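Observations on chain architecture
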Amino acid sequence: MSTLELLLFLWLSVGCVGSKPTEKKERVHHEAPLSDRAHDDAQSFDYDHDAFLGADEAKTFDQLTPEESKERLGKIVVKIDGDKDGFVTVEELKEWIKFAQKRWIYEDVERQWKGHDLNGDGAVSWDEYRNATYGSVLDDPDPDDGFNYKQMMVRDERRFKMADRDGDMAATKEEFTAFLHPEEYDYMKDIVVQETMEDIDKNGDGFIDLEEYIGDMYSHDGDADEPEWVKTEREQFVEFRDKNRDGKMDKEETRDWILPSDYDHAEAEARHLVYESDQDKDGRLTREEIVAKYDLFVGSQATDFGEALVRHDEF
């Protein structure tokens, strides 16, 4: 997929076209569950393995011997210990779990980085991104696919400037990640809200009224009767989304809708792992304490519950 094709996919996915009449468009950004498994350590540690490694990586451990699992786990501990003081804290473990769960984001950034850091200087400038993404398409005043690329570029530049924390118009890899995946960064939340409101606010008054809210999710398409879920959404708007009861959502109300304060599953799992492994009860873990409870953190042939091997690549 080319950069421009990817851009169009993202543009369409955030709501520039109507959804099918019976399908609900999802605008709310929820944290994904750490695992599809039930968290029941009495039955197995599968949930903990998925949470600690990510589901795909967890499967690679299930065919290692216990000795191999311990060795690889020991190497992972070194990565988790961010300040290199020889201990793993709840905070460090939480950050690792979040990284493991969102590995696909970093893999996506790595793929795109190679195509945008054109001069190989370790940064992606706005000029590099603009040229690689839009190129000569901006020279066509009337593209036959119906997209306003100049408008898309202006929106991209605004988001790029927001992600570029030092204002030098050259994104580090972290800033580039924030640009591509703004919902993952607290300092980018305002731009997520702004872009969402621009997509939905059809009359341009700076608010989202009930009909705009419903129209973003559902197209009547000639149907007289609305599905039940649409009626429920109307009730949700009136009862919960429009908090001040003025008939429309402002910026803060939109933020509360699309960026809810979810339960922090990563922190809960980090505390659980520390509690179960902290032999001296000092509130932090040594490498030895973690490896001693290796079957809680990672699988092996001895702890495999029959899952098929999915990937063979090294961690």
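The rules behind each value
Residue positions are given per chain, counting from 1 as you read along its sequence in written order. It should be noted that, the model being predicted, local features are given only for residues of pLDDT at least 70 and side-chain atom pairs only at 80 or more, the latter also being counted only at that level, while totals for whole chains, interfaces and linings use all residues. Only heavy atoms go into the side-chain values, all of them from the structure, while hydrogens and water stay out. Helical segments are the DSSP runs of H or I of at least four residues, strand segments are the runs of E of at least two, and each set is numbered from the N terminus. Buried means the residue's accessible area, taken with a 1.4 Å probe over protein chains only, is under 20% of the maximum for its type, while exposed means over 50%, and partly exposed covers the values in between. Note on contacts: a residue pair qualifies if any of its non-hydrogen atoms lie within 4.5 Å across the two residues. Any pair of nitrogen or oxygen atoms within 3.5 Å is treated as a polar contact; in protein, a donor-acceptor pairing is required on top of that, and neighbouring residues in sequence qualify only through side-chain atoms on both sides. UniProt positions are given in the numbering used here, feature names are shortened, and annotations may be inferred rather than shown by experiment. In these notes, a set of buried Ala, Val, Leu, Ile, Met, Phe, Trp, Tyr and Cys residues joined through side-chain atoms within 4.5 Å is what counts as a nonpolar core. Whenever a carboxyl oxygen of Asp or Glu lies within 4 Å of a side-chain nitrogen of Lys or Arg, that contact is scored as a salt bridge. We call Phe, Tyr and Trp rings a pair once their centres come within 6.5 Å, taking the six-membered ring for Trp, and we label the pair stacked below 30 degrees between planes, edge-to-face above 60, and tilted otherwise. Whether a charge lies above a ring is judged from NZ of Lys or CZ of Arg, which has to be within 6 Å of the ring centre and within 35 degrees of the ring normal. Here a cavity denotes grid points, spaced 1 Å and computed from the protein atoms alone, that fit a 1.4 Å probe unable to get out, and a pocket denotes an open set having protein on both sides within 12 Å along at least 5 of 7 lines; residues with an atom within 4 Å of a point are the lining. Grid points are joined across faces, edges and corners, and a volume is the space filled by probe spheres set on the points. Polar here means any residue other than Ala, Val, Leu, Ile, Met, Phe, Trp, Tyr, Cys and Pro, which are nonpolar, and Asp, Glu, Lys and Arg, which are charged; Gly is therefore polar.

**Notes on the environment of Glu 128**
With respect to the helices and strands, the residue Glu 128 is situated in helix H7 (residues 126-133). A residue is classified by how much of its surface remains accessible, and Glu 128, at 8% relative accessible area, is buried. Not counting residues up to four positions away in its chain, the partners in contact with Glu 128 are His 116, Asp 117, Leu 118, Asn 119 and Ala 123. From its side chain, Glu 128 meets the backbone nitrogen of Leu 118 in a polar contact 3.1 Å long. Polar contacts involving the side chain of Glu 128 include one to the main-chain amide nitrogen of Ser 125, which spans 2.9 Å.

**What about the UniProt feature "domain: EF-hand" (unreviewed entry) in the protein chain?**
Under the UniProt annotation, the feature "domain: EF-hand" (unreviewed entry) is placed at residues 68-103, 104-139, 151-186, 188-223 and 265-300. In the segment residues 68-103, helix accounts for 72% and strand for 0%; the C-alpha atoms at its two ends are 23 Å apart. Each end of residues 151-186 is marked by a C-alpha atom, and these two atoms are 25 Å apart; helix forms 58% of the span and strand 6%.

**Thoughts on the nonpolar core**
If you look at the biggest cluster of nonpolar residues, it comprises 36 residues, and the most contacted ones within it are Phe 176, Phe 179, Tyr 213 and Trp 257. Elements supplying a minimum of two residues to this core: helix H6 (103-116), H7, helix H8 (149-163), helix H9 (173-180), helix H10 (189-200), helix H11 (210-217), helix H12 (228-241) and helix H13 (251-258). Contacts of Phe 179, omitting those with residues within four sequence positions, involve Tyr 129, Asp 156, Arg 159, Phe 160, Ala 163 and Met 188. Residues Phe 61, Ile 76, Trp 96 and Leu 273 belong to the second largest nonpolar core, which totals 28 residues.

**Remarks on the pattern of salt bridges**
Counted under the stated rule, the structure contains 24 salt bridges. Two residues, Arg 130 and Asp 127, come together in a salt bridge whose shortest N-O distance is 2.9 Å. Taken together, the residues Arg 130 and Asp 127, both in helix H7 and three residues apart, mark about one turn of the helix. We classify Arg 130 as partly exposed; its relative accessible area is 27%. Residue Arg 284 pairs with Asp 282 through a salt bridge whose shortest N-O separation is 3.3 Å. Shared partners join several salt bridges into a network, and the residues in it are Arg 27, Arg 155, Arg 158, Arg 159, Glu 195, Glu 198, Asp 199 and Asp 216.

**Digging into the packing of aromatic side chains**
Inspection of the entire model under this criterion finds 15 aromatic pairs. Taking the centre distance of 6.1 Å and the plane angle of 90 degrees together, the rings of Tyr 218 and Trp 229 count as edge-to-face. Residue Tyr 218 is found in the loop between H11 and H12, and its partner Trp 229 is found in helix H12; the two are separated by 11 residues along the sequence. By relative accessible area, which is 4% here, Tyr 218 ends up buried. Since its relative accessible area comes to 23%, Trp 229 is described here as partly exposed. Above the plane of the ring of Tyr 187 lies Arg 165, whose end atom (NZ or CZ) is 3.9 Å from the centre. Over the face of the ring belonging to Tyr 275 we find Lys 281, whose NZ or CZ atom lies 5.0 Å from the ring centre.

**Notes on the layout of surface pockets**
As a volume, the second largest pocket reaches approximately 320 Å³. Considering the residues around the second largest pocket, the lining is formed by 18 residues, among which Gly 54, Ala 55, Asp 56, Ala 100 and Gln 101 are closest to the centre. Those elements that place two or more of their residues in the lining of the second largest pocket are helix H2 (46-53), helix H3 (55-61), helix H5 (90-101) and H6. Here the lining of the second largest pocket is built from residues that sort into six nonpolar, three polar and nine charged.

**Considering unusual backbone geometry**
With the exception of glycine, the majority of residues adopt a negative phi angle, and the majority of peptide bonds are in the trans configuration. Non-glycine residue Met 169 carries a positive phi angle of around 60 degrees. Turning to its location among the elements, Met 169 is positioned in the loop between H8 and strand E2 (170-171). For Met 169, a relative accessible area of 25% gives the class partly exposed. Its identity as a non-glycine residue notwithstanding, Lys 281 has a phi of 55 degrees, on the positive side.

**What about the side chain of Asp 50?**
Note on placement: Asp 50 falls in helix H2. Within the structure, the side chain of Asp 50 is placed 2.8 Å from the side chain of Ser 35, a separation counted as a polar contact. Of note is the side chain of Asp 50, whose polar atom sits 3.5 Å from the side chain of Arg 37. Not counting residues up to four positions away in its chain, the partners in contact with Asp 50 are Leu 34, Ser 35, Arg 37, Ala 55, Ala 58 and Gln 101.

**Considering the environment of Leu 180**
With respect to the helices and strands, Leu 180 occurs in helix H9. Along the primary structure Leu 180 and Asp 108 are separated by 72 residues, whereas in three dimensions their C-alpha atoms are 9.1 Å apart. Not counting chain neighbours up to four residues away, the residues in contact with Leu 180 comprise Asp 108, Val 109, Gln 112 and Arg 159.

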